[in-house]
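# What the coordinates show
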Amino acid sequence: MALFFLQRLATLIATLLGASAVVFVVLEVLPGNAAEVLLGPDAAPEAVAELAARLGLDQPALVRYGQWLGGLLTGQLGDSHAYSAPVADLIGERLALTIPLALLAMLLTTALALAAGVYAASRHNRLGDWGVMGLAQLGIAIPNFWFAILLILLFSVQLQWFSAGGFPGWSAEAGGGVLPALHALLLPAVALAVVQAAILARITRSAVLDVLREDFVRTARAKGLSQRAALWGHVLRNAMIPVVTVMGLQFANLLAGTIVVENVFYLPGLGRLIFQSIANRDLVVVRNCVMLLAAMVVVVNFVVDLLYAAIDPRVKARGL
């Protein structure tokens, strides 16, 4: 297991280095720079050059890339050009909303998908199976931003159960609190979860059906084990390898999906920070935020690999 862990860790580090190079190069080839945006189109070239030098934009790209990597390793991410604040502080403030939102959406996704997928598989080719798969197909076809607008129209405008946007904060001193904050995040989490739950439900159904055909399931049922106990105690565990794979990818999709949903609900999270920083040409913030999202995806895949080994020991043998 130690060798398996070290191999996956080496892959993780190499992937992060490659991702950092891609992120830096892609942003560097974009036209214009932050100095031009901050001073406006009518600024004198001398003023633009002076501000670019003060921001370090006149240095060679390789030097800036090395400085950025060093900052990533030490936690010194630099200062935002538009907000005039440390990037690390900006990201930390926004993650306090984005991470709970993604986790809440993932919790809803997992609960809905596992229940629906196992239910459909247990009623294969019957009315329950067709109904769940029809709803799943409908969920896949719905864009999350459009579904978010429908949720606002129904629950905020018509029923007035939820606010149409904004976030009260986690602190009671600031007028918020845990319960008001979770209440504000529930509709965005549902908007994010519906599409992912539809996809995961179909994957779960297929995986469970494959395992149900195995001999050990028939043996367990012949020994008197109930269908419910066989499904949740034996079948689901052996069907979790493809399900865990998709769950890892879905969590990364949820993090990326917050960029759109946070703007629909006007939530001050990481997605809205990225959107505003792109508009402001604040490449320091954009670069670090995109790298953070890429790192989250890579780390999630790393954790999924470790979960493989915990669920099925044969994965370790194949990976060594």
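Since we're looking at a predicted model, the values are computed, not measured.

### Thoughts on helix α7 (residues 144-158)
Across its 15 residues, α7 extends 20 Å between first and last C-alpha, which sits within 8% of the 21 Å expected from 1.5 Å per residue. At I152, α7 shows its maximal bend, which comes to roughly 25 degrees. Those residues of α7 hidden inside the fold are in contact with α8 (178-212) and α11 (240-264). Just downstream of α7, Q160 is the residue with a positive phi angle, here 60 degrees.

### Examining the packing of aromatic side chains
If you walk through the whole model with that rule in mind, you get six aromatic pairs. Taking 5.3 Å as the distance between ring centres and 55 degrees as the angle between the ring planes, the aromatic pair formed by F24 and Y65 counts as tilted. Linking F24 in helix α1 (residues 2-28) with Y65 in helix α4 (residues 61-74), this pair joins segments that are 41 residues apart in sequence. Between Y65 and W68, the aromatic rings sit 6.3 Å apart at their centres with planes inclined by 55 degrees, giving tilted as the arrangement. Highlighted residues: Y65 and W68, both in helix α4, separated by three residues, approximately one helical turn. Using a relative accessible area of 17% as the deciding quantity, one classes Y65 as buried. The class for W68 is buried, based on a relative accessible area of 5%. Taken together, the ring pairs connect F24, Y65 and W68 into an aromatic cluster.

### Let's talk about the packing of α8 against α11
Running from N to C, α8 and α11 point in directions that differ by 160 degrees, and their axes come no closer than 10 Å. Taken together, the axes of α8 and α11 lie roughly antiparallel to each other. α8 and α11 meet at a crossing whose hand is right-handed. Within the contact between the two elements, α8 uses P188, L192, Q196, A197, I199, L200, I203, T204 and A207 and α11 uses P242, V243, V246, M247, Q250, N253, L254, G257, T258 and V261.

### Things to note about the packing of α11 against helix α12 (residues 270-279)
Contact pair α11 / α12: the axes reach a minimum separation of 7 Å and the direction vectors enclose 90 degrees. It follows from the interaxial angle that α11 and α12 lie roughly perpendicular. Here T258, I259, E262 and N263 of α11 lie close against α12, whose contacting residues are L270, G271, R272, I274 and F275. A breakdown of the residues in the contact of α11 with α12 according to their chemical character gives four nonpolar, three polar and two charged.

### A closer look at helix α6 (residues 127-141)
Here α6 contains 15 residues, and its C-alpha end-to-end distance of 21 Å stays within 8% of the 21 Å for a straight helix at 1.5 Å per residue. Turning to α6, its buried residues number three or more, namely G128, D129, V132, M133, A136 and G139. All buried residues of α6 project into a common sector of 120 degrees when viewed along the axis, lining one side. Facing away from the buried side of α6 by more than 90 degrees, the exposed set consists of L127, W130, L135, L138 and A141. Residues of α6 that are buried sit in contact with α5 (87-122) and α8.

### Description of the nonpolar core
With 57 residues, the main nonpolar core has I91, V208, F265 and L270 as its most contacted residues. Among the secondary structure elements, those contributing two or more residues to this core are α5, α7, α8, α10 (227-238), α11, α12 and α13 (283-311). The dominant element in this core, judged by the number of residues it contributes, is α5, at 14 residues. Residues in contact with I91, not counting those within four places in the same chain, are L77, L270, L273, N288, C289 and L292.

### Topic: the confidence of the model for the chain
Per-chain confidence: the chain averages 80 in pLDDT, with 87% of residues scoring 70 or above. No element of the chain has a lower mean pLDDT than helix α14 (residues 314-319), which averages 52, and none a higher one than α5, which averages 88.

### Here's the deal with the side chain of T98
Along the chain, T98 turns up in helix α5. Since its relative accessible area comes to 1%, T98 is described here as buried. Reaching out from T98, the side chain makes a polar contact with the backbone nitrogen of L270 at a distance of 2.6 Å. Filtering out sequence-adjacent residues up to four positions away, T98 remains in contact with L255, T258, E262, G269, L270 and G271.

Reading guide: rules and limits
Residues numbered from 1 in each chain as written. Predicted model: local features only at pLDDT ≥ 70, side-chain atom pairs only at ≥ 80, totals over all residues. Heavy atoms only, no water. Helix = DSSP H or I, 4+ residues; strand = E, 2+ residues; numbered from the N terminus. Expected span 1.5 Å × (residues − 1). Bend = angle between axes of the 7 residues up to and from the residue. Contact = heavy atoms within 4.5 Å. Phe/Tyr/Trp six-rings, centres within 6.5 Å; stacked < 30°, edge-to-face > 60°. Buried < 20%, exposed > 50% of the residue type's maximum accessible area, 1.4 Å probe, protein only. Axes fitted to C-alpha atoms, helices over the stretch in contact; angles between N-to-C directions. Parallel < 35°, antiparallel > 145°, perpendicular 65-115°, else oblique. Left-handed = near helix turned anticlockwise from the far one by under 90°. Nonpolar A, V, L, I, M, F, W, Y, C, P; charged D, E, K, R; others polar. Arc of directions from axis to C-beta. Core = buried A, V, L, I, M, F, W, Y, C linked by side-chain atoms within 4.5 Å. pLDDT = per-residue confidence, 0-100. Polar contact = N/O pair within 3.5 Å; in protein donor to acceptor, adjacent residues only side chain to side chain.

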